[in-house]
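# Chains, contacts and geometry: an overview
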Number of protein chains: 2
Amino acid sequence: MSILVVGSVAYDTVETPFGKAERVLGGSASFFSVAASFFAPVSLVGVVGRDFGEAQLQAFHGRDINLAGLERMDGETFHWQGRYSYDLNARETVCTELNVFEFFEPKIPAQYRRSSHVFLGNIDPVLQRKVLEQVERPRVVACDTMNFWITGKPEELRKTLERVDILLINDAEARQLSGEWNIVKAARAIRAMGPRTLVLKKGEHGVLMFSDHGSFAAPAYPLEDVFDPTGAGDTFAGGFVGYLASTGGEGEDALRRAVIMGSTLASFCVEAFSLDRLLRLRRSEVDDRFRLFKRLTHFEAI
Amino acid sequence: MSILVVGSVAYDTVETPFGKAERVLGGSASFFSVAASFFAPVSLVGVVGRDFGEAQLQAFHGRDINLAGLERMDGETFHWQGRYSYDLNARETVCTELNVFEFFEPKIPAQYRRSSHVFLGNIDPVLQRKVLEQVERPRVVACDTMNFWITGKPEELRKTLERVDILLINDAEARQLSGEWNIVKAARAIRAMGPRTLVLKKGEHGVLMFSDHGSFAAPAYPLEDVFDPTGAGDTFAGGFVGYLASTGGEGEDALRRAVIMGSTLASFCVEAFSLDRLLRLRRSEVDDRFRLFKRLTHFEAI
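Residues numbered from 1 in each chain as written. Chains lettered and ligands numbered in written order. Predicted model: local features only at pLDDT ≥ 70, side-chain atom pairs only at ≥ 80, totals over all residues. Heavy atoms only, no water.

## Things to note about the sheet that holds strand E5 (residues 65–72) of chain A
Residues and elements named next belong to chain A. Test applied: At least two DSSP bridges between two strands are required for those strands to pair. Per the convention used, a helix needs a DSSP run of H or I reaching at least four residues, while a strand needs a run of E reaching at least two, with both numbered from the N terminus. Axis lines are fitted to C-alpha atoms, over the contacting stretch for helices. Their N-to-C directions set the angle, which ranges from 0 to 180 degrees.
Pairing within the open sheet is mixed, and its nine strands lie in the order E5-E4-E1-E8-E9-E10-E11-E12-E13. Edge positions in the sheet fall to E5 and strand E13 (214–218), since each of these pairs with one other strand and no more. Between one strand axis and the next, the sheet turns through 15° on average, direction left out of account. In terms of strand pairing, strand E9 (residues 140–143) meets strand E10 (residues 166–170) through two bridges, oriented parallel.

## Things to note about the relation of the copies chain B and chain A
Convention followed: Overlaid copies result from least-squares superposition on C-alpha atoms, with residues included only where pLDDT is at least 70 in both. Two residues qualify as a contact provided that any one of their heavy atoms is within 4.5 Å of a heavy atom in the partner residue.
Relative to chain A, chain B is turned by 180° and slid 0.0 Å along the rotation axis, the superposed coordinates differing by an RMSD of 0.0 Å. Taken together, these values place the two copies in the relation of a two-fold axis. Within chain B, the C-alpha atom positioned nearest to the axis of rotation is that of histidine 205 of chain B, 3.0 Å from it. Most of the interface of chain B is mirrored in chain A, where 100% of its interface residues again form contacts.

## Here we look at the interface of chain B and chain A
As a reminder, the rule being used: By buried area we mean the combined loss of accessible area, with a 1.4 Å probe, across both parts when two parts are placed together. Take a side-chain nitrogen of Lys or Arg and a carboxyl oxygen of Asp or Glu: if they are within 4 Å of each other, that pair is a salt bridge. Nitrogen and oxygen atoms within 3.5 Å of one another constitute a polar contact, given that in protein one can donate a hydrogen and the other can accept it, and given that sequence-neighbouring residues count only through two side-chain atoms. Residue classes follow a fixed rule: Ala, Val, Leu, Ile, Met, Phe, Trp, Tyr, Cys and Pro count as nonpolar, while Asp, Glu, Lys and Arg count as charged, and any other residue, Gly among them, counts as polar.
Counting residues at the interface gives 42 residues for chain B and 42 residues for chain A. For the pair chain B and chain A, the summed buried area comes to about 3,700 Å², and 56% of that belongs to carbon and sulfur atoms. In terms of surface lost to chain A, no three residues of chain B exceed Glu224, Phe299 and Ile302 of chain B, which account for 21% of the buried area on that side. Summed over the shared surface of chain B and chain A, the number is six salt bridges. Taking the shortest distance from any N to any O, the salt bridge between lysine 185 of chain A and aspartate 225 of chain B comes out at 3.2 Å. Across the chain B-chain A interface, the total number found is 20 residue pairs in polar contact (both at pLDDT 80 or more). By residue number, the principal contributor to the side of chain B that touches chain A is helix H11 (residues 283–297) of chain B, which donates seven residues. When grouped by side-chain class, the residues that make up the side of chain B that touches chain A number 20 nonpolar, six polar and 16 charged.

Right under this line is the structure:
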């Protein structure tokens, strides 16, 4: 099993009540790849500018992450700047400089086309479909999107969703996409658009998954020090898809453990700026925290 | 085992996007008592006015709810009026007419003084302590409070909390009471004030419990039709304390099942106005939904 991820590789400038990080490594494909690489080989498709150097690439080295699809273009790398208040669930985007990302046309290297699992990061749904046209019958297609595409390109997004197995979005996006306030109704409407499995990310309130087997609820791990939530959603997706790829299963048991694995990885991500915590994370720590999730949620039947 | 509850018995006027109910039965002690009575005998201490008639009392009849402590005073019954938008987590209080409740002085009938479990509903912390002074060594004292008392009578509340075993409040109240934004830090600070167990109610996002054994997270049951959230918190408390009283246990296993039982009862409460759903609820439905909570949260270890 192997994973193809298409998404952004970026510089992030992040301000939280606890500190500031300038032009550190970010982007959906970066967080996703490092998280997923704990479980299965990852092939990254993205674009960076000439200002993206060897130091930044270090994050991906020594891991099973293939960078043959990381294009380098004339110009500057995508730069996102955001600010969080004490309520770390709400963030303010200070500025978004798309730079080379504006001209991104995903080109899938031949060696990637047989990936078993594909993750379509949050990019133009037209480009997401172009990725699918270049791959050969993946077993699982997982996908992210955001309000910008939900309102800006609803028709194109619908066409993409028809080809998606698992959609990972947050609860506000689910309400917007479905036009339903109630989350159970929203889930039913979205699953009717194509994705058999819908994973709703609710930040500190955890995750709700809707699949053929009904619903599954998982909490976020209660952390004493949440330092920077940037990338938590993409890290969740990396742990989720990575775990699925590692098992080769797509049944309910595998999906549920994948949700917990995603939540586990995300809980580490937020402990530091950028990918700092993920990059020094050991697999044994991952497994330990997975077990803590079991203790956190277990109760005896009556 | 038997339960003593002190709190409000009220008329509620509630407007939701789905309809309006005028002067229907409400109040913390009403919801609590009916929920708890599924599990153990309940003795209710509260006050109503002359306008509170036999029809309203019907709700409590045919259940193990002792009304010897429900005082009747000259004047009108407490009346609360509220309005919900589609976001059922946020409500607006239109008006609060305390009426006879303003002069409420809880008097515990002799026959109640040996209750094993006491629930101090959300009233003045001075009155909560007066209740404790009238009872004989209860096994478990559980307590609710709100922002009004947290900011209005912080010293008195602190004195009450020293005598409380289990505090049940919402996450915003926990942040306010502790002065900590982070919920894990807030929980530690509050547990240092007295309550060994803290149960944080997060509405549609479920419950977090902090006890000597660490933390426990339970989701809310994902409902397709949430009709009226009024009373859900008190119903949760009734199911929680009721279940604890029925087992006689206070260990972690009992506490966790009590959280799920509280969540189960609350999930029925919100399906209709006032106590309507609780009053036609059968015990078999309670047990069925408890089992659904197990299915909702279960995952296999890795």
